[in-house]
Amino acid sequence: MASTFILQLFLAAIVPALADIQMKFTKYPESVIAPVGANVTFECEVTVPGERLTWRWALPNHTESSWTEVAGVTDKNVHTKLIVEVKSNTVDTLYQCVVWYGPISLVSVPAKLTVAKMIPSKSSTRKRVVTAPPHNTVVLHCKEPISEPPAVIQWWREIKNVRKQIESRHGVLVIHNATADDSGTYICSATNELSKGSTPSETTFLKITLDDRHTRFLEREDEFGPVDSEGIISVSAKVNDTVRLWCDAVGSPPPRITWSHERKDLSHAHGHVLAIPALTVADEGVYHCTANRQRRSWKVVALQPPRWEGSVGNVSACEGSVAEVVCGTLHGQPPPQVYWLLNAKPLKLGAGIQANDSVLHIERAEKQHAGIVQCFACNQLGCAYDGTLLTVVPMQISDEEYLAEAPKTLHSSQHNKKHRKRKPPTLVPPSRPNITRFSDDSVILSWSHQNIGLPVEFYKIQYREVTNSSNGNDWQTDNTRISHFTHSYQIDGLTPNTYYKFRVAAVYSNKDNKQGKSSSKFFLQKGSFQAPATPVLTDVEAISTNSVRLSWTWSREGGVMPDGFYVCYRTVSSAGSYEKAIVAGGAAARSVVISHLLPDTAYEFKIWAYTAQAPSNFSKIKTAKTHRESVVEESSRAAPSDREPAAGAAPPALLTGGVLGAAAVLVLLALTFLLCRRARRPAADKKGSVPESGGANGYIPAKVPITITANPMHAEGGDGGVEMSFIHNNNTGNDDTLPHSRKNGPARQYV
C-alpha cells in the first residue's frame, strides 16, 4: 500500500474566515458615561450562533493578559447582555464580549464604562483683573476643569452682591462694544450635569478704561488650552464637530482682525471668532489671527476613531513555513495603538513572530498558531479590529513514521511468553474528521488513519444535528461503504443553517468496528461566499498499472487563498458518482498521485480548490489510462509450460508417481473415516425428526440455528442476527441481496 499522509486542516472545519462569511458582531458594547447609582447595560449580538458567549473586563491601563471573566445573560447563543451597577467605589472599566466556536474565539471591540466625575483645576478659585479700552469686543474664558462628561460653563454678573446670569454661548463671555457701564465683577463656574458636581466660582474684575490703548491680547495663550513650545495653542475636535477660534485682541481704536491659514484662503474671514463647521481632515492645520501686527496661532487637529481600510482574506500556511496576516491600511487620529490577538489571547511577539501596524509575520507557523487572528487598533475615541482565520496545515507524516511512533506495547518483546494471555486485536480508529462546506446542503469530510493494528476493510460516515437545548439527535449512518484507501467523502441532503457533528467509523478485517472522535460543531450556513479561483489541470499521466499523477497550476486572480485541493475521478465508462481524494500539502500543493486504480482502464479526472465555506469551480476534465499488466505478471498466472526440467530436478515420471501414491493414501484414509462414522450412527432416527435427505426442492433445514449478521458493524451480542432455519429462500437460490425480516427483535440502526 502506498504511504499514507495526514492532512488536518486545523480548525478550518469549525469556522470560516471572517472576510469570506458573514460571521461578525451586529451589535457591539458601546462606551458610556454614567453616574453613581445607575445600572448600565452592555449588549452584544452575532450573526452566526456560537457555542457560548461570555464577557470579560479590564482596567483602562491593562495589559492584554489581564482580562477577567464576568457572567452575563445569553439568549440563543446569538445575543448577550451584561448589566453593571455603578457604585461609589466603581472605577473606569473596559468591557468586552467573546463568542466561542469550538476551541477558537472572536472578541468584540471593548466598551469603556466611565464614572461621571469632575476634578476642579488648581486655579478654579482664582481672582483676576482684566482691563480693556472702550468700544472693543471683550472675550473672556473660564478655566475648564477635568470632567466626564465635559462640564457646562455658566457666567454671572454680580451687582451689590446679587448675581444675574448672563447668556454666554459656548461657555465664552463675549461683550460687544464694551463701555464703562460693563465694568464690574463677573463670575463663572463649571457644572457636571450627570454627577451634579460643580467647581468653586472663578471671579474676574473687568475694567473698561482708556489708560491702556495699545493693541494687545486680553488673555494668555494657556487660557485657551494646551500650548506647545512655540506658543501655538492646540485645539482638537472630532470630525464633523464645529470648532470656534476666539481672537481677543483689543486696542484703541479697536483693531481690525484678519484670519489666515497655511493652505486655505481666509481673506473673507473677519471678526473676533472664526467658526469651522463640520470639521474635516482637510481643515487641519495652523490658523492665525492678526491685529495690527499682533498675531496669535492655533493648531487644529481633526480626531478620528481607528478604522482599517481594506479587508483581510483567508490565510493558509503549511506547518514550518511563513505565515503572514495583513490587516490593511490603518487610519485614526491620534495614531492608534495596535495589538494582535489569537483566539482572544494576546500574541507574544519576539523571536520568530514580528508585527507592525498592519502586518503580522510568523517565521515558522505551528499548529498552535491556527485560529482567529485579530488586529486591534485603539485610541482615545475607540477601537477597531480586522481579522481572519489562519489555517495551519500540519506536516505530512508517512506510514513508516507512524510505525516508528507507535506505542511499544504493540510490539512487546514479551508476547511469546507462555504465561501471558493472548492480546486482543488492536483497533486503531480513524482521526477526527475535518469538515468543509460544499453547498447549502452538503459538506465534504476528510480524515486520516494510522496504518497500525488490524487492517481496515471499509469506512462508514455518521452524522447528527446538534441543537443548543440538547446534545442533538441520534446518529444517522450513510449507507455507502467507503474503500479503505479513501479518506474523503461527501454528505448530501443536510439542512442549511444547522449545526452538525460528524464522525468516521472503521470496519476491520475481523468484522469488528470502531468510531473515531466526532468533529466539533459545524454550522452549515446558507448563502453565497467568496470562493478561490479555479485551478488549471495541466497534466494527467499514468505512472503504473494502478496509479496516475496529476499536475495543476493555481493563481489567486483576485480570489481568496484556498485551504487546499480535492481531486474527483471515475472510470470513463462509468456514469456514476466521482470518487474524491483530498490532496496533501494544502494550498501549496501542485501535484498528487492517485492510486488503487484498475489496470488498463481509462479514468477521467478533475480538481477544485476549496476554503472552509466555498469550493471553486471544477477544472476542465482530463483523462488518462493506467498501464497494462506486464508480460511477466501475465505469465506468472499462466499454466506451466512443457519445458525440459532444469538440471538436478526430479524426472516428470517420478514426480507423477509420487503424486499418485499420495493421492491413494488420502483416499484410503477418507474411506476409513466414513466407515467408522457410519458404525457409530443410530439405527433409526427418532419419530418426528427431520430426515437427512432434502425435501422436494432440496431444502435441508439447519439443526443448529446459525446466526448471520447482516451488517459487518453489528455489535457482538446484539439482536440483529437471523437464524438460518428462518431464511425463506429454501436454498433454491444464491441471491444475497433479497431482504429478509428478522425474528429476534425490533429493527436497530447500524452503520
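Scroll up to find the structure.
Residues numbered from 1 in each chain as written. Predicted model: local features only at pLDDT ≥ 70, side-chain atom pairs only at ≥ 80, totals over all residues. Heavy atoms only, no water.

As for the state of the cysteines
According to the stated counting rule, one finds 5 disulfides in the structure shown. Paired by a disulfide, Cys44 and Cys97 hold their sulfur atoms 1.8 Å apart. Torsion about the S-S bond of the Cys44 and Cys97 cystine: about -40°, corresponding to left-handed handedness. With a gap of 53 residues between them, Cys44 in strand S3 (residues 39-46) and Cys97 in strand S8 (residues 93-101) connect regions that are remote in the sequence. This pair shows no difference in class: Cys44 is buried, exactly as Cys97 is. Put simply, Cys327 and Cys375 are joined by a disulfide, and their sulfur atoms are 1.9 Å apart. Because the torsion about its S-S bond is -110°, the bridge between Cys327 and Cys375 counts as left-handed. Linking Cys327 in the loop between strand S29 (323-326) and strand S30 (329-333) with Cys375 in strand S35 (residues 371-379), this pair joins segments that are 48 residues apart in sequence. Across the pair, exposure class does not vary: Cys327 and Cys375 are buried alike. Here the disulfide map of the chain reads 1-2, 3-4, 5-6, 7-8, 9-10, the bonded cysteines being numbered as they appear in the sequence. (Disulfide = S-S within 2.5 Å. Helix = DSSP H or I, 4+ residues; strand = E, 2+ residues; numbered from the N terminus. Buried < 20%, exposed > 50% of the residue type's maximum accessible area, 1.4 Å probe, protein only.)

Observations regarding the sheet that holds strand S34 (residues 359-362)
Strands pair in a sheet through their backbones, by hydrogen bonds, and they do so in one of two ways: parallel or antiparallel. Strand order in the open sheet formed by 3 strands is S29-S34-S33, and the pairing between neighbours is antiparallel. Strands with a single pairing partner mark the edges of an open sheet, and in this sheet they are S29 and strand S33 (353-355). Adjacent strand axes in the sheet meet at a mean angle of 10°, parallel and antiparallel pairs treated alike. (Pairing = 2+ DSSP bridges. Axes fitted to C-alpha atoms, helices over the stretch in contact; angles between N-to-C directions.)

With respect to the pairing of strand S38 (residues 442-446)
In terms of burial, S38 is largely enclosed, as 5 of its 5 residues are buried. A two-sided burial pattern is seen for S38, the buried positions comprising Ser442, Ile444 and Ser446 on one face and Val443 and Leu445 on the other. Inspection of the sheet shows strand S37 (residues 434-439) paired to S38 by 5 bridges, in the antiparallel sense. The partner of Asn434 across the bridge, within S38, is Ser446. Linking S37 to S38, which pair antiparallel, is a turn of 2 residues. Bridge count between S38 and strand S42 (residues 488-491): 4 bridges; the pairing is antiparallel.

Digging into the packing of aromatic side chains
Under the criterion given, the structure shown has 18 aromatic pairs. Ring centres of Tyr463 and Phe502 lie 6.2 Å apart, and the angle between their planes is 35°; on these two criteria the pair is classed as tilted. In this pair, Tyr463 sits in strand S39 (residues 456-466) while Phe502 sits in strand S43 (residues 498-508), placing the two residues 39 residues apart along the sequence. For Tyr463, a relative accessible area of 13% translates into the label buried. Taking relative accessible area as the criterion, Phe502 reaches 0% and is therefore assigned buried. One aromatic cluster in this structure is built from Phe438, Tyr566, Trp608, Tyr610 and Phe618. Above the ring of Trp100, the side-chain terminus of Arg52 is found at 4.5 Å from the ring centroid. When the ring centre of Trp475 is taken as origin, the NZ or CZ atom of Arg503, which lies over that ring, is 4.1 Å away. (Phe/Tyr/Trp six-rings, centres within 6.5 Å; stacked < 30°, edge-to-face > 60°. Lys NZ or Arg CZ within 6 Å of the ring centre and 35° of its normal.)

Thoughts on the side chain of Arg216
For Arg216, the position within the fold is in strand S20 (residues 216-217). What Arg216 contacts, discounting residues up to four positions off in sequence, is Thr131, Ala132, Pro133, Asp248, Ala249 and Val250. (Contact = heavy atoms within 4.5 Å.)

Quick look at the sheet that holds S42
Ordered by their spatial adjacency, 3 strands build an open sheet running S37-S38-S42, and the pairing between neighbours is antiparallel. Each having just a single partner strand, S37 and S42 make up the two edges of the open sheet. Taking each pair of neighbouring strands and ignoring which way they run, the sheet shows an average axis angle of 25°.

Considering unusual backbone geometry
Look at the link from Glu148 to Pro149: it is a cis peptide, with omega at -5°. By the secondary structure assignment, Pro149 is in the loop between strand S14 (146-148) and strand S15 (152-159). A positive phi angle, near 65°, is found at Lys196, a position not held by glycine. Checked against the element boundaries, Lys196 lands in the loop between strand S18 (184-191) and strand S19 (202-208). Classification of Lys196 by relative accessible area gives exposed; the value is 67%. Its identity as a non-glycine residue notwithstanding, Asp600 has a phi of 50°, on the positive side. Residue class for Asp600 comes out partly exposed when judged on its relative accessible area of 36%.

Some details on the pairing of S34
Only one face of S34 is buried: it carries Leu360 and Ile362, and the other face, with Val359 and His361, is open. Examined bridge by bridge, S29 and S34 share 4 bridges and lie antiparallel to one another. Looking at S34, one finds that Val326 is bridged to Val359. The sheet contact formed by S33 and S34 spans 3 bridges and is antiparallel. The residue of S34 that forms the bridge with Gln354 is His361.

Geometry only, nothing functional implied.
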